[in-house]
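Chains, contacts and geometry: an overview
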Amino acid sequence: MEDHSKEKQHIVSYKENFGTWLGLMLLTALTVAVSVANASLITLTVVTALVIATTKAILVAYYFMHLKFDHKLYRIMLLIITLLFSSFMLLTIVDYLSR
Amino acid sequence: MAHFVLPNSGHNYDPESSKLGMWLFLFTEILLFGGLFIVYFVYRTINSDAFLRASYELNITMGTINTIILITSSMTVAMAITALQKGKEKFAINLLWITLLFAIAFLINKYFEWSIKIEHGIFPGMEHYNGLETGQKLYFFLYYFMTGLHALHIIVGAIFIGFVIKGIQEGNVTADRISLLENSGLYWHLVDLIWIYLFPLFYLIN
Amino acid sequence: MSESLSTDLNFFQVKKGIISWLFSLDHKRIGLMYLYAIISFFLVGVTLGLLMRLELIAPGETIMKAKTYNQTFTLHGVIMIFLFIIPSIPAIFGNFFLPIMLGTDDVALPKLNLLSWWLYVIGALFALSTLVFGDGPADTGWTFYAPYSVQTNTNVTMSVMAAFILGFSSILTGLNFIVTIHRLRAPGMGWFQMPLFAWSLYATSWIQLLATPIIGITLLMIVAERAFGVGLFDPAIGGDPILYQHLFWIYSHPAVYIMALPAMGIISEIIPTFAKRSIFGYKAIAYSSMAIAFVGYFVWGHHMFTSGMSGSARIIFSVLTFMVAIPTAIKVFNWVATMYKGSIDLQPPMLYAMAFIFQFMIGGLTGLVLAALAADIHLHDTYFVVGHFHYVMFGGTGFAMFGGMHYWFPKIWGRMYNIKIAKFAFALLVLGFNMLYFPMLILGLMGMPRRYYDYLPQFTDLNVLSTVGSWILAIGLITMLVNLINGMRKGAPAGRNPWGSISLEWQTKSPPPLENFDKQPELNEGGPYNYKN
Ligand code: HEM
Ligand SMILES: [Cu+2]
């Protein structure tokens, strides 16, 4: 890794923090609403729920956890780990779906 | 010559090292919960109807309140970092105290949620639970296991934040030595991240 | 390089007393504590192995009952896997040499390193406590397969907790190494000027970090299932035992590469040193480490071909398994190409490295036989498997570790062991090893199942051969260890660089001073293996 410890750290402003919070709240409201309203569309809500959750997760990681301002190494690592875990999940589920 | 010190010594204060270490640790946490999520999804695939029926037992309102609490506490921690970076120690400490209060509120809420279930006899070994179909049993057991493990992480995170408050008061954690706050913050956000998935998967799956 | 520094203290001398060891932050001392502990557990495991072989010298009950035998192979497996082979090379030589090879004075997070060591100790105590408490050690096999592991009343909970704690020890070591490699390389040492041992540790660490948590949580589920009687994995109450196997092997197959990769790293150090040639295909070896680590994550299902997985899943896993053989073969090719036309010096470390290549290849090729779906139906759970994994873990990693011990010995203790005796011990080990395990491959093909204390009379001859082999192996081990201990105490001083190697650890004194280097280490121009021919 290149030496960037001496670089001046980016300071996330209170405003950015608050904006992130607002985004998260809206998304929460959205999932709850979708879930309460669409009681019949089972699979759709699982997928939507996961998509919304992942959007929230990205918001938290990028702004609250400063990923956006950190060295890109961290983003690459997180991406690889997510893919790795998804393949564990996928390979396992494939077994059950193809029985 | 006895005082020769390597420039790349492992004993230097290196915030980048501790941050990398923290992230790596968070990866292990992700996979630790990941194992449980695999179990959840497999059993959900096999018992989707039973999972659905069981999920009606959970109280969406309480879950939503806890979600809001956690998201807000994440914001206060993030703001505490901003505050300390700007040299506003007092404000940082206050924000961290607020975070701690949120943590406690979360746990109290969780406690009530669990005890209501247990009063209804929904716990392994209890009568009502034993009468359930297997899919529902699995659902509830996973619910206890996963939210329990998550609550444990809340407690650990809160303890860390307590140490940070002490560190700031004693002047060990400052704008120039912010590692401990930053890393506790990362940990706290991860706890939030996991809840972001737990919440829809247990409370909202209908 | 002036030798006038001899008045300075080495890391053994800076502080005395047991406390200064047990709570040391020095990576060298921590590495050595691991060495002593790991070798001790290895000897316990070997003793259990010898007892099993004695039981199997004749059909029927010879020295122990069926249940005792089951507990013996379980404890043997748990000790050998979690207390010996997984920590072995990273915890001992990784701790001791990674910082030195990178040209720094410690790992990046020294306190965490001490914590790993203590977790190892605590985990070991848990594992051993099963011997005295409750209904004795688990009798499930080291795999703790459900549902039996949730039904048996032997001490499964304790064994499983031991594995859990040891897992965290392993995770933290891996974490530390990754941070160290990212942050503490000597000025001017880019990723591709790193020694290959460091590369292999890097790949290994990522597996330790990302695979171990899965088994951690799985084992906790076993504990929970035993405590609450919920059917997480027990089919009688609604669980799915195959899911347990999935989760178990998601970790435990990559764990095979936690064992193999560091061993390959040692071999990549030894061979250029004793062939006096720069390594053939540095980048190919470095990348293949990462490739093995990566592909190794997706092959776990080959342990479950006969347990009821779906047909498509079996085919996917079989194909993926064949693919891991490719980067492994690349490495073997590179090692042999390095030796080709080199001026090979057959010192003990080099002998071990060559034995590694030979035995590891048998292990790897028998692995491919098992990866073939049709063959595995016949061979699954036979002695063919027992032979296969001992060839990989013992004939491969075990021998590489012995090679590492003989290679770095003069650096660690500043003295040399008796080379003749070392070669003699080596000969006994190779002979004993192959006599012990090759018959198992044949027995497996003939259909002898594993994990039984008894067998049909037609298997007797080969079993006798195998047991006699275990005795030769034991004598070889004793000879080797006695020779090393003698060398440690009264061997001739070895100097800085007895083997004429050019990697960094040989630039400093033997034993190294506390801070590893007394001046800025000089990087070798043209990479770590740029020998003159
Ligand atoms: C003198 C040395 C050794 C002897 C005599 C020996 C002997 C044996 C025997 C006879 C078994 C088969 C038990 C059965 O299936 O009935 C066995 C199993 C096993 N051995 Fe070894 N072994 C030795 C060294 C090692 C080493 C160095 C390792 C690992 C690095 C190892 C790992 C294992 C494992 C994992 C099992 C499987 C246990 C189970 O089935 O749960 N062994 N050993
Ligand atoms: Cu495997």
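Residues numbered from 1 in each chain as written. Chains lettered and ligands numbered in written order. Predicted model: local features only at pLDDT ≥ 70, side-chain atom pairs only at ≥ 80, totals over all residues. Heavy atoms only, no water.

Topic: the overall build of chain C
Convention followed: Helix numbers and strand numbers start at the N terminus; a helix is a DSSP run of H or I with at least 4 residues, a strand a run of E with at least 2. Contacts between residues were defined by any pair of non-hydrogen atoms, one from each residue, lying within 4.5 Å. Counted as positive: Lys and Arg. Counted as negative: Asp and Glu. His and the chain ends are not counted at all. To locate a charge, the coordinates of NZ of Lys, CZ of Arg, CG of Asp or CD of Glu are taken.
Within chain C, the secondary structure is distributed over 16 helices and two strands. The C-alpha extent of chain C, read off along each of the three principal axes, is 70 × 45 × 45 Å. Long-range contacts, defined here as pairs at least 24 residues apart, represent 81% of the contacts in chain C between residues at least 6 apart. Within chain C, one finds 29 positive and 23 negative side-chain charges whose respective centroids are separated by 9 Å.

Describing the interface of chain B and chain C
Quite often, the size of an interface is put as the accessible area lost when its parts meet. In plain terms, the rule: A quick way to say it: buried area is the sum, across both parts, of accessible area lost when two parts are put together, with a 1.4 Å probe. A carboxyl oxygen of Asp or Glu within 4 Å of a side-chain nitrogen of Lys or Arg is what we treat as a salt bridge.
Between chain B and chain C, the contact holds 34 residues from the first and 49 residues from the second. Contact between chain B and chain C buries roughly 3500 Å² in total, counting both sides, with carbon and sulfur atoms accounting for 77%. Taken together, chain B and chain C are joined by one salt bridge. In this structure, B:D14 engages C:R183 in a salt bridge whose closest nitrogen and oxygen atoms are separated by 3.0 Å. Looking at the side of chain B that touches chain C, the elements with two or more residues in it are α1 (15–46) and α6 (134–169) of chain B. Considering every element that reaches the side of chain B that touches chain C, the biggest residue donor is α1(B), with 16 residues.

So, the coordination of the copper ion (ligand 2)
Residue and element names in this part refer to chain C. Put simply, the rule reads: Each metal's donors are the N, O and S atoms within 2.8 Å of it, or within 3.2 Å when it is Na, K or Ca, and because water is not part of the set, sites may look incomplete. For the exposure calls, accessible area comes from a 1.4 Å probe over protein chains only, and a residue counts as buried if that area is under 20% of its type's maximum, exposed if over 50%, partly exposed in between.
Protein-derived coordination of the copper ion (ligand 2) comes from H253 (ND1), H302 (NE2) and H303 (NE2), at a distance range of 1.8 to 2.0 Å. Sequence spacing of the donor residues for the copper ion (ligand 2), all on one chain, is H-x48-H-H. Pair noted here: H253 is in helix α9 (residues 241–275) and H302 is in the loop between α10 (282–295) and α11 (311–339), with a separation of 49 residues, a long-range link. In this pair, the class of H253 matches that of H302, namely buried.

Regarding a nonpolar patch on the surface
Residue and element names in this part refer to chain B. Inclusion rule: Residues forming no salt bridge and having over 30% relative accessible area are the ones grouped into patches, like charges within 9 Å of each other and nonpolar side chains (Val, Leu, Ile, Met, Phe, Trp, Tyr) within 5 Å. Only the protein chains shown count as cover for residues, with accessible areas throughout obtained via the Shrake-Rupley method and a probe of 1.4 Å.
Together, L101, I104, I108, Y111, F112 and I116 make up a nonpolar patch on the protein surface, roughly 620 Å² of accessible area in all. Looking at the element boundaries, I116 is found in helix α4 (residues 89–119). A residue is classified by how much of its surface remains accessible, and I116, at 38% relative accessible area, is partly exposed.

Notes on the environment of C:Y340
All names here are of chain C. By the element assignment, Y340 lies in the loop between α11 and α12 (348–371). We classify Y340 as exposed; its relative accessible area is 56%. C-alpha separation for the pair Y340 and R277, spaced 63 residues apart in sequence, amounts to 9.4 Å.

Describing the confidence of the model for chain C
Any segment with low pLDDT has predicted coordinates that should not be analysed in fine detail. Residues and elements named next belong to chain C. Let me state the cut-off plainly: Confidence scores per residue from the predictor, reported as pLDDT, run from 0 to 100.
Counting all residues, the mean pLDDT for chain C is 94, and 98% of those residues have values of 70 or more. Segment residues 1–7 is flagged for pLDDT under 50; beyond a separation of four residues in sequence, or across chains, it makes nine contacts in the model. What the predictor reports for the complex is a pTM of 0.95 with an ipTM of 0.94.

Observations concerning the pattern of salt bridges
Residue and element names in this part refer to chain C. If you walk through the whole model with that rule in mind, you get nine salt bridges over all chains. In this structure, K28 engages D26 in a salt bridge whose closest nitrogen and oxygen atoms are separated by 3.1 Å. Both residues of the pair, K28 and D26, count as buried.

Here's the deal with the packing of aromatic side chains
Rules: Within 6.5 Å between ring centres, the rings of Phe, Tyr and Trp (the latter by its six-membered ring) count as paired, and their orientation is classed by plane angle as stacked under 30 degrees, edge-to-face over 60, tilted in between. We call a charge positioned above a ring when the Lys NZ or Arg CZ atom is no farther than 6 Å from the ring centre and deviates by at most 35 degrees from the ring normal.
Per the stated rule, a full pass over the model turns up 80 aromatic pairs over all chains. A ring pair is formed by A:F88 and C:Y297, whose centres lie 5.8 Å apart and whose planes are at 55°; its orientation type is tilted. Here the residue A:F88 occupies a position in helix α3 (residues 72–97), and C:Y297 occupies one in the loop between α10 and α11, the pair thus bridging two chains. Judged by its relative accessible area of 5%, C:Y297 falls in the buried class. Between the aromatic rings of C:F97 and C:W408, the centroid separation amounts to 4.6 Å while the plane-to-plane angle is 25°, which identifies the pairing as stacked. Placement of C:F97 in helix α4 (residues 88–102) and of C:W408 in helix α14 (residues 383–413) is noted, with a sequence separation of 311 residues between them. For the pair C:F97 and C:W408, a shared accessibility class is recorded, and that class is buried. Over the face of the ring belonging to A:Y96 we find A:R99, whose NZ or CZ atom lies 4.4 Å from the ring centre.

Some words on the site of ligand 1
All names here are of chain C. Applicable threshold: Note on terminology: near, applied to a residue and a molecule or strand, indicates that one of the residue's heavy atoms is within 4 Å of it. Any N or O atom pair separated by 3.5 Å or less is treated as a polar contact, with the protein-specific requirement of one donor-capable and one acceptor-capable atom, and with residues adjacent in sequence counted only for side-chain atom pairs. Residue classes follow a fixed rule: Ala, Val, Leu, Ile, Met, Phe, Trp, Tyr, Cys and Pro count as nonpolar, while Asp, Glu, Lys and Arg count as charged, and any other residue, Gly among them, counts as polar.
In the vicinity of ligand 1 there are 28 residues, among which Y69, H76, W142, H390 and R451 approach most closely. Here an oxygen atom of ligand 1 and a side-chain polar atom of R450 are 2.9 Å apart. Those elements that place two or more of their residues in the shell around ligand 1 are α2 (27–55), α3 (66–85), α14 and α15 (419–446). Along the lines of polarity and charge, the residues of the shell around ligand 1 split into 20 nonpolar, five polar and three charged.

Digging into the coordination of the iron atom of ligand 1
Residue and element names in this part refer to chain C. As a reminder of what qualifies: In short, tetrahedral needs four donors with all angles between 85 and 135 degrees, square planar needs four and octahedral six donors with opposite donors over 155 degrees apart and all other angles between 65 and 115, and whatever is left is irregular.
Taken together, H76 (NE2) and H390 (NE2) make up the full set of protein donors to the iron atom of ligand 1, lying 2.0 to 2.1 Å away. Seen from the iron atom of ligand 1, its six donor atoms lie at angles of 84 to 179°, and the figure they make is octahedral. With a gap of 314 residues between them, H76 in helix α3 and H390 in helix α14 connect regions that are remote in the sequence. On the basis of relative accessible area, H76 is assigned to the buried category, the value being 14%. Given the relative accessible area of 13%, H390 is considered buried.

Things to note about the interface of chain B and chain A
Contacts between the two partners involve 49 residues from chain B and, on the opposite side, 46 residues from chain A. For the chain B and chain A pair, buried surface summed over both sides reaches about 4400 Å², with 77% attributable to carbon and sulfur atoms. Across the contact surface, chain B and chain A share one salt bridge. Here A:D70 makes a salt bridge to B:K19, at a shortest N to O gap of 2.6 Å. At the junction of chain B and chain A, the tally comes to seven residue pairs in polar contact (both at pLDDT 80 or more). For the side of chain B that touches chain A, the secondary-structure elements that each account for two or more residues are α1, α3 (60–85) and α7 (179–203) of chain B. Of the residues belonging to the side of chain B that touches chain A, the class tally is 32 nonpolar, eleven polar and six charged.

Remarks on the packing of α4(C) against helix α8 (residues 196–228) of chain C
Residue and element names in this part refer to chain C. The condition is simple: Only the stretch in contact is used when fitting a helix axis, every axis being a line fitted to C-alpha atoms; angles between N-to-C directions are given from 0 to 180 degrees. Convention used here: angles under 35 degrees read as roughly parallel, angles over 145 as roughly antiparallel, angles from 65 to 115 as roughly perpendicular, and any remaining angle as oblique. Left-handed describes a crossing in which the near helix is turned anticlockwise from the far one by less than a right angle; the clockwise case is right-handed.
Orientation of α4 relative to α8, taken along the N-to-C sense of each, is 130°, at an axis distance of 10 Å. Looking at the two axes, α4 sits oblique to α8. The chirality of how α4 crosses α8 is left-handed. Facing I89, P90, F93, G94, L98, M101 and L102 of α4, the residues of α8 in contact are F197, A198, L201 and T204. Grouping the constituent residues of the contact of α4 with α8 by class yields nine nonpolar, two polar and no charged.

Remarks on the confidence of the model for chain A
Residues and elements named next belong to chain A. On average, residues of chain A score 86 in pLDDT, and 84% of them are at 70 or above. Ranking the elements of chain A by mean pLDDT puts helix α2 (residues 42–64) last, at 87, and α3 first, at 95. Low confidence marks residues 1–7, where pLDDT is under 50. Its contacts with residues over four positions away, or in another chain, come to 14 contacts.

Re the packing of α4(C) against α14(C)
Residues and elements named next belong to chain C. In the contact formed by α4 and α14, the axes pass within 11 Å of each other and the chain directions differ by 40°. Our pair here, α4 against α14, has a crossing hand that is left-handed. Residues S88, I89, I92, F93, F96, F97 and M101 of α4 touch α14, and the partners they reach there are T397, M401, G404, M405, W408, K411 and I412. Classifying every residue of the contact of α4 with α14 gives ten nonpolar, three polar and one charged.

Some remarks on α10(C)
Residues and elements named next belong to chain C. How we decide: In this analysis, the expected span of each helix is defined as 1.5 Å times one less than the number of residues it contains.
The end-to-end C-alpha distance of α10 is 20 Å, a good match for the 20 Å that 14 residues give at a rise of 1.5 Å each. Regarding α10, the residues found buried are Y282, I285, A286, S288, S289, I292, A293 and V295. Buried residues along α10 sit in contact with α8, α9 and α11.

Some details on unusual backbone geometry
Cis geometry marks the peptide bond from C:A146 to C:P147; its omega dihedral reads 0°. Relative to the elements of secondary structure, C:P147 occurs in the loop between α5 (110–129) and α6 (148–151). Residue C:S510 is joined to C:P511 through a cis peptide bond whose omega torsion reads -15°. Non-glycine residue A:H66 carries a positive phi angle of around 65°. A positive phi is found at C:F144, a non-glycine position, where the angle reads about 50°.

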